[in-house]
2 protein chains.
Amino acid sequence: MARQARALATRQAVLLAAAEVFDERGYAAATMSDILERAGVTKGALYFHFRSKEELALAVILEGQSAWLATWEPSSDSPMQTVIDLSYAFARALQDDVLVRGSIRLTIEHGSFTQPQVAAYQGWSDATRELLERAQEAGELHPGIDLRGAALVMQGAVTGIQLSSQVLTDRQDLIERIADLWTLLLPGLVQPHALARLSVVERVPAVS
Amino acid sequence: MARQARALATRQAVLLAAAEVFDERGYAAATMSDILERAGVTKGALYFHFRSKEELALAVILEGQSAWLATWEPSSDSPMQTVIDLSYAFARALQDDVLVRGSIRLTIEHGSFTQPQVAAYQGWSDATRELLERAQEAGELHPGIDLRGAALVMQGAVTGIQLSSQVLTDRQDLIERIADLWTLLLPGLVQPHALARLSVVERVPAVS
DNA sequence: GGTAGGATACCTACTGGACGGTATGCGGCC
DNA sequence: GGCCGCATACCGTCCAGTAGGTATCCTACC
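Visitor: Explain the interface of chain B and chain A to me, please; I cannot follow it from the model alone.
Guide: Quoted interface sizes are often the accessible area lost when the parts come together. Taken together, the contact pairs 36 residues of chain B with 36 residues of chain A. Around 3100 Å² of area is buried between chain B and chain A when both sides are counted, 74% of it from carbon and sulfur atoms. Summed over the shared surface of chain B and chain A, the number is zero salt bridges. Along the contact surface separating chain B from chain A lie two residue pairs in polar contact (both at pLDDT 80 or more). The set of elements that each furnish at least two residues to the side of chain B that touches chain A consists of α6 (98–108), α7 (115–137), α8 (147–169) and α9 (174–185) of chain B. The element contributing the most residues to the side of chain B that touches chain A is α8(B), with 15 residues. Across the side of chain B that touches chain A, the residue classes tally to 19 nonpolar, 10 polar and seven charged.

The following block contains the structure:
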């Protein structure tokens with residue numbers, strides 16, 4: 001097993017380096033040599049763990065997704081609050097985790113390989129929609145709202161705000177912008193009595 | 001001058017083909033050969049008009065931007081309505097104009113060359129902010145709103161919604177999603193009396 | 001109005017380098 | 001000694017860019 005421990009370490013080093021390079025340059029502009037160098041690993045080692053550049057990129061995407069979801073602990077509060085918390089978890093993960101950043105960049109670059117990206121978009125907005133449905137049932141939302149449309153708008157808005165925050169301030173104002181988003185969005189979505197109980201700003205989980 | 005007419009035509013053909021290919025594959029993955037073939041032009045011709053791949057990309061970005069702004073005719077209505085109209089003009093331009101699509105894709109891929117893209121983001125959100133200030137002065141908005149934040153949120157949201165609409169429905173539901181966005185956003189932004197006078201859906205300019 | 005000369009607009013063939021991927025070798029732990 | 005986990009050297013391909021030629025047209029001078 002000691003053997004495999006080392007292998008796991010190099011695999012992880014490659015994944016991290018790949019995420020960094022993909023995040024900085026994008027898929028096509030990233031070269032395997034870049035990744036090798038940054039990981040401090042040789043070609044043979046890399047191609048032992050990943051059979052191609054594309055497979056490596058897919059691994060980054062998958063690991064990034066699970067890394068994000070791992071940070072998010074569902075609080076049993078209100079469904080609407082959960083949607084908000086999810087967006088903050090996403091923002092934090094983007095700021096803190098290279099894997100998540102690389103994953104997102106690759107996902108947004110829907111070219112080259114298209115399949116899993118669509119799934120990611122779908123998955124996210126489907127999850128949001130489901131939460132909205134539960135919020136609807138709990139009487140949190142205004143009646144007559146198009147839940148599918150709302151879910152798509154939220155997912156799109158968070159994605160785009162993240163992008164422009166990255167370009168303009170290297171994601172330093174991301175949390176602020178997410179707060180602005182919810183401040184603006186919620187009055188059109190939830191009823192006043194529910195609005196009063198929602199936390200629009202980031203809720204930092206208590207450190208245990 | 002007849003001479004230059006032909007030259008202009010090939011230049012335009014190259015620009016259009018380049019916009020297509022950049023839109024489909026992104027900057028790095030797009031090859032000059034792709035563009036040549038699609039434009040029906042030889043390498044010599046292309047390199048006569050554009051000295052490098054990067055210069056060609058920059059030309060696509062610039063032409064795309066002006067193409068978008070050309071479609072938008074400022075109506076002297078309310079400033080807030082102008083913001084809304086701008087977003088619809090953007091959406092329409094994305095659906096109708098290859099140049100705009102290519103321009104956007106290149107702009108979003110902020111790698112490789114970073115300068116003018118930041119300017120584009122800045123310019124857009126600055127313009128939005130200015131309109132919001134005028135809307136504020138006109139008493140359209142709720143008091144105490146962070147105009148800078150709101151402008152950034154709108155610009156980011158429109159960008160992101162466009163992106164996810166592209167991935168999920170090839171931009172077919174883009175206009176709908178923009179309408180959803182404004183339906184959700186406006187109550188948190190503008191005062192009821194102004195809200196009543198705003199058109200949340202696309203206002204099709206009368207054909208003259 | 002014909003033609004020399006030059007500029008414009010384009011074509012063809014080529015190059016050098018980089019890049020993804022592979023083949024083969026080899027050390028060390030079980 | 002056998003296989004896991006790598007290291008090194010190499011290969012074919014592809015691609016941005018260039019060199020140098022050519023046809024077309026415009027200008028100018030006779």
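Visitor: What is the right way to read the environment of Gln136(A) from this model?
Guide: Residues and elements named next belong to chain A. Note on placement: Gln136 falls in helix α7 (residues 115–137). Linking Gln136 and Ser66, residues 70 residues apart in sequence, is a C-alpha distance of 28 Å. With residues up to four places along the chain from it excluded, the contact list for Gln136 reads Leu141, His142, Ile145 and Leu147.

Visitor: Explanation requested: the relation of the copies chain B and chain A in the structure shown.
Guide: One copy of the chain maps onto the other through a rotation about an axis followed by a shift along the same axis. When chain B is fitted onto chain A, the two copies agree to an RMSD of 0.0 Å after a turn of 180° and an axial shift of 0.0 Å. In the structure described here, the two chain copies are related by an operation that fits a two-fold rotation axis. Mapped onto chain A, 100% of the interface residues of chain B are again interface residues, and the two copies thus contact each other with one and the same surface.

Visitor: I keep staring at the packing of aromatic side chains and nothing clicks. Help me out?
Guide: The description of an aromatic ring pair uses the distance of the two centres, along with the angle that the planes make with each other. Taken as a whole, this structure holds eight aromatic pairs over all chains when the rule is applied. Measuring from centroid to centroid gives 4.9 Å for Phe90(B) and Trp124(B), while their planes differ by 55°, and the two rings are tilted. With Phe90(B) in helix α5 (residues 79–96) and Trp124(B) in helix α7, this pair connects stretches of sequence that are 34 residues apart. Take Phe90(B): its relative accessible area is 2%, and that puts it in the buried class. Looking at Trp124(B), the relative accessible area reads 14%, which means it is buried. Across from the ring centre of Tyr27(A), 4.6 Å away, lies the NZ or CZ of Lys53(A), which sits over that ring.

Cut-offs used in this document
- Residue positions within a chain follow its written sequence, with the count starting from 1.
- Naming scheme: in the order in which they are written, chains are lettered from A and ligands are numbered from 1.
- Local features are withheld for residues below a pLDDT of 70 in this predicted model, meaning they are given only at 70 or higher, and side-chain atom pairs are given and counted only at 80 or more; totals for whole chains, interfaces and linings count all residues.
- Note that water and hydrogens are dropped before the side-chain values are worked out from all heavy atoms of the structure.
- We call two residues contacting when some pair of their heavy atoms lies within 4.5 Å.
- The buried area of a pairing is the accessible area, by a 1.4 Å probe, that goes missing from both parts when the two are put together, added over both.
- We define a salt bridge as a contact between a side-chain nitrogen of Lys or Arg and a carboxyl oxygen of Asp or Glu at a distance within 4 Å.
- We call two N or O atoms a polar contact when they sit within 3.5 Å, provided that within protein one can donate a hydrogen and the other can accept it, with sequence-adjacent residues counted only if both atoms are side-chain atoms.
- Counting from the N terminus, the helices are the DSSP runs of H or I reaching at least four residues and the strands are the DSSP runs of E reaching at least two.
- Throughout, the ten residues Ala, Val, Leu, Ile, Met, Phe, Trp, Tyr, Cys and Pro are labelled nonpolar, Asp, Glu, Lys and Arg are labelled charged, and all others, Gly among them, are labelled polar.
- Copy-to-copy alignment: least squares on C-alpha atoms, limited to residues at pLDDT 70 or above in both.
- Within 6.5 Å between ring centres, the rings of Phe, Tyr and Trp (the latter by its six-membered ring) count as paired, and their orientation is classed by plane angle as stacked under 30 degrees, edge-to-face over 60, tilted in between.
- Exposed residues in this analysis have more than 50% of their type's maximum accessible area, buried residues have under 20%, and partly exposed residues fall in between, with area computed by a 1.4 Å probe over protein chains only.
- Definition used: whenever NZ (Lys) or CZ (Arg) falls within 6 Å of the ring centre and also within 35 degrees of the ring normal, the charge is taken to sit over that ring.

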